[in-house]
Amino acid sequence: MLKKVVLTGIKPTGRVHIGNYIAAIKPALQLAQTQDYNPVYFIADYHGLTFIQNKEEFNHLSYGIAATWLALGLDPDRVTFYRQSDVPEIFELSWILACATPKGLMNRAHAYKAIVDKNEQTGVDPDIGVNMGLYTYPILMASDILLFQSDIVPVGKDQIQHVEIARDIAGSFNRTYGSTFKLPEYKVDEHTAVIPGLDGRKMSKSYNNTIPLFEPAETLKNLINHIKTDSTPPGEPKSPSDSSLFLIYKEFANSDQINKMREKYQHGIGWGEAKKELFLVMNSFLEEPRKKYNELMAAPERIDEILSKGAERARALAIPLLEEVKIKIGRYR
Ligand code: TRP
């Protein structure tokens with residue numbers, strides 16, 4: 001039986017933090033290890049371009065995403081791993097799909113609508129700050145997904161609508177030209193906890209409360225010391241499930257360590273002590289990947305080599321389908 005294609009992308013718009021790791025990267029790496037799927041993971045760099053228009057920043061963030069995946073153990077032999085902009089077929093298909101996409105579908109996309117709503121509230125031109133890349137973002141994402149006949153698209157909740165739009169666009173194309181694209185399904189990991197940030201709210205770049213993954217040990221320790229705790233004094237029992245420290249601890253510790261830590265909470269571990277333990281377990285997990293990340297970032301030609309091999313594999317999959325599409329639309333005599 002043919003393995004199901006599981007495809008996901010990360011756009012380079014900020015430094016990868018432990019919330020990204022726990023919610024997106026960790027489950028995707030686990031999926032890639034199961035052998036049940038054909039994993040296709042990529043760096044959505046041209047999606048990032050809709051937000052990041054500083055040359056150095058764009059370049060650094062793009063390599064950063066690639067190095068992060070590799071440092072955390074992505075095996076490029078098993079995963080088709082590439083940079084979106086190395087696969088020109090995606091952009092050609094994107095245009096063809098744009099012509100099968102009703103404009104109203106884009107008007108209803110959450111990310112675009114949120115900006116328009118905000119502009120309207122502040123009384124400025126509703127389209128201020130909206131470039132056409134941002135407006136048509138869901139079409140490019142549909143192209144990413146449909147060009148590889150993806151079955152499953154692991155995403156965060158905020159991306160569900162985009163996968164639904166990809167299905168709509170596939171349906172629209174299929175109705176006009178005959179069955180061509182598979183209808184993808186999103187996969188949202190309901191079991192992953194919402195990872196709290198330094199201030200206790202959801203860890204998010206937009207709240208400025210993140211713990212970046214590959215900070216030096218000293219900085220990591222410092223950041224952990226800044227995680228907000230309540231005023232329960234040492235010696236008093238604490239509820240692990242209400243503690244940011246414990247929620248993060250759980251993601252990096254083994255089950256034995258987790259059970260022991262749970263007991264320590266019941267026995268009233270002090271917050272200072274809990275922070276120390278969190279640092280130890282996180283740092284021992286991150287030490288090797290951090291080293292690997294820094295090595296890769298210092299040798300971007302090694303990243304390029306891996307990504308260009310990945311792009312070759314991706315194009316070998318993409319080219320035949322794009323040809324089929326071009327025949328269907330009447331591009332050839
Ligand atoms: N839009 C996604 C995000 O912001 C990134 C992305 C681009 C993506 N293309 C994709 C995710 C295709 C899954 C499939 O997180």
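A quick note: this is a predicted structure, and the numbers were derived from the prediction, not measured. (Residues numbered from 1 in each chain as written. Predicted model: local features only at pLDDT ≥ 70, side-chain atom pairs only at ≥ 80, totals over all residues. Heavy atoms only, no water.)

Peer 1: Just give me the short version of helix α6 (residues 110-121), but keep the residues and values in it.
Peer 2: The end-to-end C-alpha distance of α6 is 16 Å, a good match for the 16 Å that 12 residues give at a rise of 1.5 Å each. Regarding α6, the residues found buried are Y112, V116 and N119. Projected down its long axis, α6 carries its buried residues within an arc of 60°, all on one side. For α6, exposure combined with an orientation more than 90 degrees from the buried face picks out K118 and Q121. Considering only its buried residues, α6 is in contact with α5 (103-107) and α7 (132-135). Just downstream of α6, G123 is the residue with a positive phi angle, here 75°. (Helix = DSSP H or I, 4+ residues; strand = E, 2+ residues; numbered from the N terminus. Expected span 1.5 Å × (residues − 1). Buried < 20%, exposed > 50% of the residue type's maximum accessible area, 1.4 Å probe, protein only. Arc of directions from axis to C-beta. Contact = heavy atoms within 4.5 Å.)

Peer 1: Describe the site of the ligand, with residues and values.
Peer 2: Of all residues adjacent to the ligand, which total 14 residues, the nearest are K11, H47, Y137, D144 and Q159. The separation between a nitrogen atom of the ligand and a polar side-chain atom of D144 is 2.8 Å. Interatomic distance of 2.8 Å between a side-chain N/O atom of Q159 and a nitrogen atom of the ligand. Considered on its own, the ligand offers 360 Å² of accessible surface; in the complex 92% of this is hidden by protein. Counting residues per element, the ones that place at least two in the shell around the ligand are β1 (4-10) and α8 (137-146). With four residues, the single largest contributor to the shell around the ligand is α8. Looking at side-chain class alone, the shell around the ligand contains eight nonpolar, four polar and two charged residues. (Near = heavy atom within 4 Å. Polar contact = N/O pair within 3.5 Å; in protein donor to acceptor, adjacent residues only side chain to side chain. Areas by Shrake-Rupley, 256 points an atom, 1.4 Å probe, with all protein chains shown as cover. Nonpolar A, V, L, I, M, F, W, Y, C, P; charged D, E, K, R; others polar.)

Peer 1: How would you sum up the pattern of salt bridges? Please name residues and give values.
Peer 2: Applying the stated criterion to the full structure yields 13 salt bridges. Put simply, R315 and E89 hold a salt bridge, and the shortest N to O gap is 2.7 Å. With R315 in helix α14 (residues 300-329) and E89 in helix α4 (residues 88-98), the pair connects residues that are 226 residues apart, well separated along the chain. The network of salt bridges with shared partners includes R83, D86 and D304. (Salt bridge = Lys/Arg side-chain N within 4 Å of Asp/Glu carboxyl O.)

Peer 1: Before we move on, could you go through the nonpolar core and cite the residues and values that matter?
Peer 2: Ranked by internal contacts, the top residues of the largest apolar core, which has 56 residues, are Y41, W69, F81, F252, L278 and M282. Top element by residues in this core is helix α13 (residues 271-298). It accounts for nine residues. Filtering out sequence-adjacent residues up to four positions away, L278 remains in contact with I224, I227, L245, I248 and Y249. In terms of nonpolar packing, the next biggest core, distinct from the first, is built from 45 residues, Y112, V163, A170 and V325 among them. (Core = buried A, V, L, I, M, F, W, Y, C linked by side-chain atoms within 4.5 Å.)

Peer 1: Lay out the packing of aromatic side chains in plain terms, naming residues and giving numbers.
Peer 2: Evaluated as defined, the whole model comprises 13 aromatic pairs. Aromatic side chains Y41 and W69 sit 5.2 Å apart centroid to centroid with 25° between the ring planes, which places their arrangement in the stacked category. Pair noted here: Y41 is in strand β2 (residues 37-43) and W69 is in helix α3 (residues 55-71), with a separation of 28 residues, a long-range link. By relative accessible area, which is 1% here, W69 ends up buried. An aromatic cluster of at least three residues, connected via ring pairs, comprises Y21, F252 and F285. (Phe/Tyr/Trp six-rings, centres within 6.5 Å; stacked < 30°, edge-to-face > 60°.)

Peer 1: Summarise the packing of helix α12 (residues 255-266) against α13; cite the residues concerned and give the values.
Peer 2: At a minimum axis distance of 11 Å, the contact between α12 and α13 shows a crossing angle of 170°. Taken together, the axis directions place α12 and α13 in an arrangement best described as roughly antiparallel. On α13, the residues that touch Q257, M261, K264 and Y265 of α12 are W271, A274, E277 and V281. Class assignment of the residues belonging to the contact of α12 with α13 gives a composition of five nonpolar, one polar and two charged. (Axes fitted to C-alpha atoms, helices over the stretch in contact; angles between N-to-C directions. Parallel < 35°, antiparallel > 145°, perpendicular 65-115°, else oblique.)

Peer 1: Can you lay out the pairing of β2 for me, pointing to particular residues and giving the numbers?
Peer 2: In terms of burial, β2 is largely enclosed, as five of its seven residues are buried. In this sheet, β2 lies alongside β1 in parallel orientation, the contact comprising seven bridges. Looking at β2, one finds that L7 is bridged to V40. Crossover connection from β1 via helix α1 (residues 18-33) to parallel β2: handedness right-handed. In this sheet, strand β3 (residues 80-83) lies alongside β2 in parallel orientation, the contact comprising four bridges. Residue pairing in the sheet places Y41 in a bridge with F81 of β3. (Pairing = 2+ DSSP bridges. Right-handed = clockwise from strand over helix to strand, strands pointing away.)

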